[in-house]
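Residue-level structure breakdown
Each chain is listed here by its residues.
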Amino acid sequence: MLHTNMALHSGRACSRQYLLHLAHDNVDFRLPEIKALLSLRNQSFDTSETFIEKSPFWQLNGLSEDDIRSVMSRTVCGKSAFELWGHGRTTDELKRSLLAYPAESMAPYLQQNSTYKINVYTFNKTLEFKDRISKIDALDFLPFEGKVNLKDPDHIFCLLEDYGSDPNDIPDDPFHLYFGRWIADGQRELIRSHSVKKRHFIGNTSMDAGLSFIMANHAKVKADDLVYDPFVGTGSLLVACSHFGAYVCGTDIDYNTIHGIGKASRKDQKWRGPDENIRANLRQYGNESLYVDVMVSDASKAVWRKNPLFDCIVTDRMFLQTEGL
Ligand SMILES: C[S@@+](CC[C@H](N)C(=O)[O-])C[C@H]1O[C@@H](n2cnc3c(N)ncnc32)[C@H](O)[C@@H]1O
């Protein structure tokens, strides 16, 4: 069967499809993030008629594996990306789709001298171990020739099943199934490593780490850009932008925040310590060399002579104070 399909596919270039598995938070920010990251490579995300923005799985067409790796090297909304080998609404449809995938595209990853493992990921359903194993066993029609290695495989494959988004109405069978070769994970780890809970200098309105990175991605901040935050606060957005290699600066109307003095925001601490400031926040993540400066200034009053001075302005402003009010 696979052989027949190989013949069917030979003679025409097969454009690869990729599958993006997205985190189910900040749902409205996911599409602008992925579009912005693709545009950094002069690529666009062509959403088809069947595209469902709220779905945890998006199919991407017309892109290269390098495009996908580039997106995954920055995305906070994307969890993992796969080269999509097949998909369908039922197990039979998935099987037909997989058997139709060009054998020559699969072959490099199924060699006798390579090792592999298959993961099963289910969205909105938890499967018992034995059910996972039987789902993996059911894929035995694929011509895997290498040995299984669960700890350090050369190639990782994944069966992903979508059971919808209603936790109160989980169907027996998935609405959609996908199978693909894992390519890369996104940067969800940044949410933990840059959590404001472990941040040196924080304030009452310090921006959440995940959102800060998403904003830096939306703004397409890149290495050597000069980024300005006019409502800089404790500099969470500067932390995120400097992570992507930008030089950063900011202003804030609040003297104490800019100078890192005054009352601390932590429960167990009364006053800010001697080095609680934005520069120290960048130092914490190894990016002090990208710190330009911060100063006290009312953003409602123009102070910059040259316009545009900055490559990018990234900011979040909840309340605008003005001097004298
Ligand atoms: C939502 S906070 C920004 C928080 C910041 N992103 C962080 O992570 O700490 C808004 C900031 O705007 C500042 N602000 C309010 N009005 C301002 C003004 N007219 N000019 C400059 N800064 C102002 C406040 O002092 C506050 O620090």
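Residues numbered from 1 in each chain as written. Predicted model: local features only at pLDDT ≥ 70, side-chain atom pairs only at ≥ 80, totals over all residues. Heavy atoms only, no water.

**Describing the sheet that holds strand E9 (residues 247–252)**
The parallel open sheet is built from four strands, whose spatial order is E10-E9-E8-E11. Where the open sheet ends on each side, the last strands, each with one partner, are strand E10 (291–296) and strand E11 (312–313). Relative to E11, strand E8 (residues 226–229) runs parallel, the two being bridged by two bridges. Looking across to E11, one finds that Val-227 is bridged to Cys-312. Against the sheet, helix H9 (residues 236–243) contacts E8, E9 and E10, and its axis sits at roughly 170° relative to E9. (Pairing = 2+ DSSP bridges. Helix = DSSP H or I, 4+ residues; strand = E, 2+ residues; numbered from the N terminus. Contact = heavy atoms within 4.5 Å. Axes fitted to C-alpha atoms, helices over the stretch in contact; angles between N-to-C directions.)

**A closer look at the sheet that holds strand E4 (residues 115–123)**
Across the sheet, which stays open at both edges, the seven strands sit in the order E2-E1-E3-E7-E6-E4-E5 with mixed pairing between neighbours. Lying at the two open borders of the sheet, with one neighbouring strand each, are strand E2 (57–60) and strand E5 (147–148). Note that E4 and E5 share two bridges and pair parallel. If you follow Tyr-116 over to E5, its bridge partner there is Val-148. Along the sheet, helix H3 (residues 65–72) makes contact with strand E1 (18–22), E2, strand E3 (78–88) and strand E7 (176–185), crossing E7 at roughly 75°.

**Structural notes on the nonpolar core**
Among soluble globular proteins, nonpolar side chains are generally buried collectively. Ranked by internal contacts, the top residues of the largest apolar core, which has 27 residues, are Val-221, Val-227, Cys-241 and Ile-278. Of all the elements in the fold, those that place two or more residues in this core are helix H8 (209–218), H9, helix H11 (278–284) and E10. Among the elements that make up this core, the one with the highest residue count is H9 (five residues). Ignoring anything within four residues of it in the chain, the contact list for Ile-278 reads Phe-201, Val-232, Gly-233, Thr-234, Gly-235, Leu-238, Tyr-291 and Val-294. Residues Tyr-101, Leu-142, Leu-159 and Phe-179 belong to the second largest nonpolar core, which totals 19 residues. (Core = buried A, V, L, I, M, F, W, Y, C linked by side-chain atoms within 4.5 Å. Buried < 20%, exposed > 50% of the residue type's maximum accessible area, 1.4 Å probe, protein only.)

**Quick notes on the packing of H8 against H9**
Across the interface, H8 lies against H9 with an axial gap of 8 Å and an inter-helix angle of 55°. Judged on the interaxial angle alone, H9 and H8 are oblique. As for how H8 packs across H9, the hand of that crossing is right-handed. Between H8 and H9, the residues in contact are Ser-212, Phe-213, Met-215 and Ala-216 and Ser-236, Leu-237, Ala-240, Cys-241 and His-243, respectively. Grouping the amino acids of the contact of H8 with H9 by side-chain chemistry returns six nonpolar, three polar and no charged. (Parallel < 35°, antiparallel > 145°, perpendicular 65-115°, else oblique. Left-handed = near helix turned anticlockwise from the far one by under 90°. Nonpolar A, V, L, I, M, F, W, Y, C, P; charged D, E, K, R; others polar.)

**A word on the confidence of the model for the protein chain**
Model confidence for the protein chain is summarised by a mean pLDDT of 92, while 93% of its residues fall at 70 or above. Counting contacts from residues 1–14, a segment whose pLDDT is below 50, to residues more than four positions away or on other chains yields 14 contacts. (pLDDT = per-residue confidence, 0-100.)

**Some points on a nonpolar patch on the surface**
Together, Met-295, Val-303, Trp-304 and Leu-309 make up an exposed nonpolar region whose accessible area comes to about 320 Å². Among the secondary structure elements, Met-295 is positioned in strand E10. (Patch = residues over 30% accessible without salt bridge, like charges linked within 9 Å, V, L, I, M, F, W, Y side chains within 5 Å. Areas by Shrake-Rupley, 256 points an atom, 1.4 Å probe, with all protein chains shown as cover. Salt bridge = Lys/Arg side-chain N within 4 Å of Asp/Glu carboxyl O.)

**Side note on the pairing of E3**
Of all 11 residues making up E3, nine are buried, and the element is well covered by its neighbours. Two elements, E1 and E3, share five bridges in a ladder whose sense is antiparallel. For Leu-22, the partnering residue across the bridge sits in E3 and is Gly-78. Taken together, the eight bridges between E3 and E7 define a ladder with antiparallel strand orientation. Its bridge partner being in E7, Gly-88 is matched across the sheet by Leu-177.

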